[in-house]
Amino acid sequence: MGRPRTNDEAVKERLVECATEMLATRPRESVTVRAVAAAAEASTTAVYSLFGGKDGLIGAVRDRAVTGLFQDLSAAQTSPDPLADLYALAVAYRRWGRGHSHLYTVLFGGVQSFDPSGEVGASDPILPLLAAINRALAASVLVGEATSIALSIWATLHGLVTLELAGALDDATAETAFRSAIHATLRGWTTPAVFRSLRQAELAH
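What counts and how
Residues numbered from 1 in each chain as written. Predicted model: local features only at pLDDT ≥ 70, side-chain atom pairs only at ≥ 80, totals over all residues. Heavy atoms only, no water. Helix = DSSP H or I, 4+ residues; strand = E, 2+ residues; numbered from the N terminus. Expected span 1.5 Å × (residues − 1). Buried < 20%, exposed > 50% of the residue type's maximum accessible area, 1.4 Å probe, protein only. Polar contact = N/O pair within 3.5 Å; in protein donor to acceptor, adjacent residues only side chain to side chain. Axes fitted to C-alpha atoms, helices over the stretch in contact; angles between N-to-C directions. Parallel < 35°, antiparallel > 145°, perpendicular 65-115°, else oblique. Left-handed = near helix turned anticlockwise from the far one by under 90°. Contact = heavy atoms within 4.5 Å. Nonpolar A, V, L, I, M, F, W, Y, C, P; charged D, E, K, R; others polar. Phe/Tyr/Trp six-rings, centres within 6.5 Å; stacked < 30°, edge-to-face > 60°. Lys NZ or Arg CZ within 6 Å of the ring centre and 35° of its normal.

**Overview of helix α5 (residues 82–99)**
Reasoning step 1: For α5, spanning 18 residues, the distance from its first C-alpha to its last is 26 Å, which sits close to the expected 26 Å at 1.5 Å a residue.
Reasoning step 2: Where α5 is concerned, the buried positions are P82, L83, D85, L86, Y87, L89, A90, A92, Y93, R94, W96 and G97.
Reasoning step 3: Between a side-chain oxygen at the N-terminus of α5 and the backbone nitrogen of L83 the separation is 3.0 Å; the capping residue is D81.

Set out below in structure tokens:
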């Protein structure tokens, strides 16, 4: 009779969750195989058999974060209005960050670098944003270089979400700041004709 399998999916899930929390809340050098295994009530052997070691475990955390953010952004609704689509993506990004604060911190805290000018994979979270930007460029709603626009939008989003997660903004301030900052960032990349129409609509209100 064989030995019962103890390094199952439940153990794997606990290890990933514990590693995520530790990577988000502690100095990275303190996140050792032994520390993660102890937090997950698993053996160090489990880390090696399931992930191949610490690097593999960190890779699993990174993959979960990348996949989760990509899926939520990809699920954002598309419409005939490119600016509305870009705003919807910003809303989805913020919602994912607020709902997965540890994964967000790990994703943009050194485990996963953000390089919109570099090569992107099939599940890179930048892809839905670039696709929406390219639609807006094709429709002559935005003007500029796609990766520069993407970086500008992401920098604004990341700053806002990071401040929220740090507790620097109360709910009302965060909501107002999000709407105004994202609209201002998008407006700054619009063509002159679209910019004038947006400003006229704002003044009319």
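**Details of the packing of α5 against helix α9 (residues 171–188)**
Reasoning step 1: Two numbers describe how α5 lies on α9: the axes approach to 11 Å, and their chain directions differ by 140°. When the axis of α5 is compared with that of α9, the two are oblique. Relative to α9, α5 is oriented so that their crossing is right-handed. Contacts between α5 and α9 pair L83, L86, Y87, A90, V91 and R94 from the former with A174, E175, F178, R179, I182, H183 and L186 from the latter.
Reasoning step 2: A class-by-class count of the residues in the contact of α5 with α9 yields nine nonpolar, one polar and three charged.

**Thoughts on unusual backbone geometry**
Reasoning step 1: Of note, E41 is a non-glycine position whose phi angle comes to about 55°, a positive value.
Reasoning step 2: Structurally, the position occupied by E41 is in the loop between α2 (33–39) and α3 (44–51).
Reasoning step 3: Not every positive phi belongs to a glycine, and S140 is a case in point at roughly 60°.
Reasoning step 4: Within the secondary structure, S140 sits in the loop between α7 (126–138) and α8 (146–165).
Reasoning step 5: Since its relative accessible area comes to 48%, S140 is described here as partly exposed.

**As for the packing of aromatic side chains**
The geometry of an aromatic ring pair is captured by two quantities: the separation of the ring centres and the angle between the planes.
Reasoning step 1: Under the definition given, this model contains six aromatic pairs.
Reasoning step 2: Between F108 and W154 the ring centres are 5.3 Å apart and the planes differ by 50°, which places this aromatic pair in the tilted class. You can see F108 sitting in helix α6 (residues 101–111) and its partner W154 sitting in helix α8, a full 46 residues away along the chain. The same class applies to F108 and to W154, which are both buried.
Reasoning step 3: A connected cluster of aromatic rings, assembled from ring pairs, spans Y93, W96, Y104, F108 and W154.
Reasoning step 4: The ring of F178 is capped by R94, whose NZ or CZ atom sits 4.9 Å from the centre of that ring.

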